Amino acid sequence: MKLLAVVALVAGLAGVAARGGDEHVETCVFEKLSGQDAKFCRGDLEVFYPELGDVGCTYIPKCNQYRKRISKEWSRPQIVYPQADKTRLWNGHEAKAQVWESGLQGSISPLQLWASHMPSLSPMPPLLSCKMWIVSKETAKNKKYVLIMADPDAPSRANPKYRFWRHWVVIDIKGIDLRAGNLKGRVLTEYGRPTPPSRSGYHRYQFRLYEQPAHEAIALSPEEEASLGSWPLERFVERFRLGSPAAATQFLTQHPSD
């Protein structure tokens, strides 16, 4: 995820205001999340909006009407996950992409794999068993993903009685499309722009990306389809055995007038 810092936005992007013959360039401060909010972001999931770039783990700045535009103008963001099809949990540790490119299948000694295919990982992580299982390169390439965007702060972070508010759910996403930022798949919930109510404070808009279990027929129940609010996200994840997110990120924004 690219680091966002203080950016001076020039003519054509921010506009130039003339006062007494002097030109003034509006400055936008892209503030990074901190504390528990920052800990939610993991796994290099990238969320791109026009002009803002990757908004993962940041506050949306008020300048240039960005909060208004993300709520009323811009359509769904571009989602990029560079690690799609390339990583796998290995006794609690992420294996490097070399594993898949090696074409290994079946069981193999951890020491053998370490010595032959993973020299860049150092020191060697503790292993809990004498053997590890490697999924074939073909299996890795056939993985699909589930993307969920939700607001846990509806109607406010102080009183989230409608948690979670479902903003976007897409399943059957191919890894190759995630790497290219060309999101395709079956949409269960159409993208809903972030629209925090006035005077409700900052809302977290969270993106969770899951590896989709093979042969799992994922769908919303009629009760879930009837309402976007008070969505039991955790029960949805448990029902379809999605497990922990492969990657997650979030941005914070509030009503444009606040």
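Residues numbered from 1 in each chain as written. Predicted model: local features only at pLDDT ≥ 70, side-chain atom pairs only at ≥ 80, totals over all residues. Heavy atoms only, no water.

Engineer: I'm lost on the packing of aromatic side chains in this one. Help?
Structural biologist: Any pair of aromatic rings gets described here by the distance separating the centres and the angle formed by the planes. Applying the stated rule across the entire model yields 10 aromatic pairs. Summarising the aromatic geometry, the rings of Tyr205 and Phe251 are spaced 5.6 Å apart at their centres and angled 25° between planes, so their arrangement reads as stacked. With Tyr205 in strand S16 (residues 203-212) and Phe251 in strand S17 (residues 247-253), this residue pair connects regions lying 46 residues apart in the sequence. Across this residue pair, the class does not change: Tyr205 and Phe251 are buried. Ring centres 6.1 Å apart and planes at 40° place the aromatic pair Phe207 and Phe251 in the tilted group. Placement of Phe207 in strand S16 and of Phe251 in strand S17 is noted, with a sequence separation of 44 residues between them. For Phe207, a relative accessible area of 0% puts it in the buried group. One aromatic cluster is present, formed by Tyr49, Tyr66, Trp74, Tyr205, Phe207 and Phe251 through successive ring pairs. Over the face of the ring belonging to Phe40 we find Arg42, whose NZ or CZ atom lies 5.9 Å from the ring centre. Taking NZ or CZ as reference, Arg166 lies 5.2 Å from the ring centre of Trp231, over its face. (Phe/Tyr/Trp six-rings, centres within 6.5 Å; stacked < 30°, edge-to-face > 60°. Helix = DSSP H or I, 4+ residues; strand = E, 2+ residues; numbered from the N terminus. Buried < 20%, exposed > 50% of the residue type's maximum accessible area, 1.4 Å probe, protein only. Lys NZ or Arg CZ within 6 Å of the ring centre and 35° of its normal.)

Engineer: Looking at this structure, how should I read the pairing of strand S5 (residues 46-49)?
Structural biologist: Strand residues, when the strand is regular, have side chains that alternate between the two faces of the sheet. Neither face of S5 is open: one carries Glu46 and Phe48, the other Val47 and Tyr49, and all of them are buried. Here two bridges tie S5 to strand S6 (residues 53-54), and the two strands are oriented antiparallel to one another. Among the inter-strand pairings, Phe48 is bridged to a residue of S6, identified as Asp54. Where S5 folds back on S6, the antiparallel hairpin that results is connected by three residues, among which Glu51 adopts a positive phi of roughly 70°. (Pairing = 2+ DSSP bridges.)

Engineer: Teacher, can you tell me more about the sheet that holds S5 here?
Structural biologist: Strand-to-strand pairing in sheets goes through backbone hydrogen bonds, with the strands running parallel or antiparallel. The three strands lie next to each other as S6-S5-S8, forming an open sheet whose pairing is antiparallel. With one partner strand each, in any of the chains shown, S6 and strand S8 (78-80) form the two edges of the open sheet.

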